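Spelled out, the chains give:
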Amino acid sequence: MLKLHGFAVSNYYNMVKLALLEKGIPFEEVLFFGGQSPQALKVSPRGKVPVLETEHGFLSETNLILEYIEQTHPDNKPLLPADAFAQAKVRELAKEIELYIELPARACYPEAFFGAKVDPVIKDKAKTELLAGVETLKRNGTFSPYVAGNQMTIADMKFCFSLDLASAVGKKVFDMDLLEDFPQAQTLLNHFKQNPNVQKIAADKDAQMPVFLEMVRSGKR
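Okay, so let's go over this structure. None of the values given here were measured: they were computed from a predicted structure.

1. Some remarks on the environment of Gly149
- With respect to the helices and strands, Gly149 occurs in the loop between α6 (120-140) and α7 (154-160).
- Residues Gly149 and Val90, spaced 59 residues apart in sequence, show a C-alpha to C-alpha distance of 9.3 Å.
- Excluding residues that lie within four positions of it along the chain, Gly149 makes contacts with Thr142 and Ser144.

Below is the structure:
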C-alpha cells in the first residue's frame, strides 16, 4: 500500500491527498514534518513535504508525485485528459497556479497566518505577482466548471489548495479581494467546499492545526 508522508496543514500534502482520495487509491498517512535531520533526509532528500512511499522507494516533489499517481493508476478516475495537447494545457495551468499564485502568496504566510511581519519590499513584490498570477489564470483557465474544462484534473488539485490561501493572504495582508472580479474561481472554490473528500481534508487540517501552531511558536517549524 502507498504511504503518504507529511502533515495535514500542508497544502502541498493535501493536493496529493485529494488526488489519492478522488482516484480511490488505498493509502496510509504517515505523520512527517520534514526537516534537515539525517532521519528526515533519508525519506525526503530536501527535507520537504509531501513524500510518497511506494514499493520501490520514496518520491518527493508534489508535481512528480501527482504524475506518478496518474501514470500508475490511469483507470482510477483519470486526472489527465487523453489528448496530448489537453494534457499539456493541464500541466501548464498547474504550473502557472504554483509559480504565479501559490508561491507569491506563500511569501506572506507568516504575516497572514502566524502573527509575524513580512518585509514591505517582499510584500510589494508578492502583491504585484499575485495580481498578475490571477490575471493569468483568468486568461488561461476554462472553468467549465473545472480549471481546464469539464473534467477534474491535477490543475484542480493545485487550484483547490492554492487559491483559498492566496485569497486569504489578499484579505489579511493587502485588504483586497483577489477574486472580486473572478466569479468563476470563487464558484469553483465553493464547489470544492461541498466535495466530501475536500471536507475530510479540511477536518483533518483543523484537527492538526493546534499541534502545528505550537511547533511554529516553539521554533520547531
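2. Observations concerning the environment of Lys125
- With respect to the element layout, Lys125 can be found in helix α6.
- Residue classification places Lys125 among the exposed residues on the basis of a relative accessible area of 52%.
- Separated by 18 residues in sequence, Lys125 and Ala107 have C-alpha atoms that sit 9.4 Å apart.

3. Thoughts on the pairing of strand β4 (residues 57-60)
- Pairing of strand β3 (residues 51-54) with β4 involves 4 bridges; the strand directions are antiparallel. Residue pairing across strands places Thr54 opposite Gly57, the latter belonging to β4.
- From the end of β3 to the start of β4, which pair antiparallel, there are 2 residues.

4. Observations concerning helix α3 (residues 62-72)
- Turning to α3, its buried residues are Thr62, Ile65, Leu66, Glu67, Ile69 and Glu70.
- Buried-residue contacts for α3 involve α1 (11-23), β3, β4, α4 (84-106) and α7.

5. Topic: the nonpolar core
- Formed by 66 residues in total, the largest nonpolar core has its most connected members in Leu137, Val147, Phe159 and Val169.
- Ranked by the residues each element gives to this core, the list is headed by α1, at 7 residues.

6. What to know about unusual backbone geometry
- Residue Val49 is joined to Pro50 through a cis peptide bond whose omega torsion reads 10°.
- The residue Pro50 is located in the loop between α2 (38-43) and β3 in this model.
- With omega at 0°, the peptide bond leading from Ser144 into Pro145 counts as cis.
- Considering the arrangement of structural elements, one finds Pro145 in the loop between α6 and α7.
- One non-glycine residue with positive phi stands out, namely Glu61, at about 80°.
- Considering the arrangement of structural elements, one finds Glu61 in the loop between β4 and α3.

Quick notes on the rules
- Residues numbered from 1 in each chain as written.
- Predicted model: local features only at pLDDT ≥ 70, side-chain atom pairs only at ≥ 80, totals over all residues.
- Heavy atoms only, no water.
- Helix = DSSP H or I, 4+ residues; strand = E, 2+ residues; numbered from the N terminus.
- Contact = heavy atoms within 4.5 Å.
- Buried < 20%, exposed > 50% of the residue type's maximum accessible area, 1.4 Å probe, protein only.
- Pairing = 2+ DSSP bridges.
- Core = buried A, V, L, I, M, F, W, Y, C linked by side-chain atoms within 4.5 Å.

These figures capture arrangement, not role.
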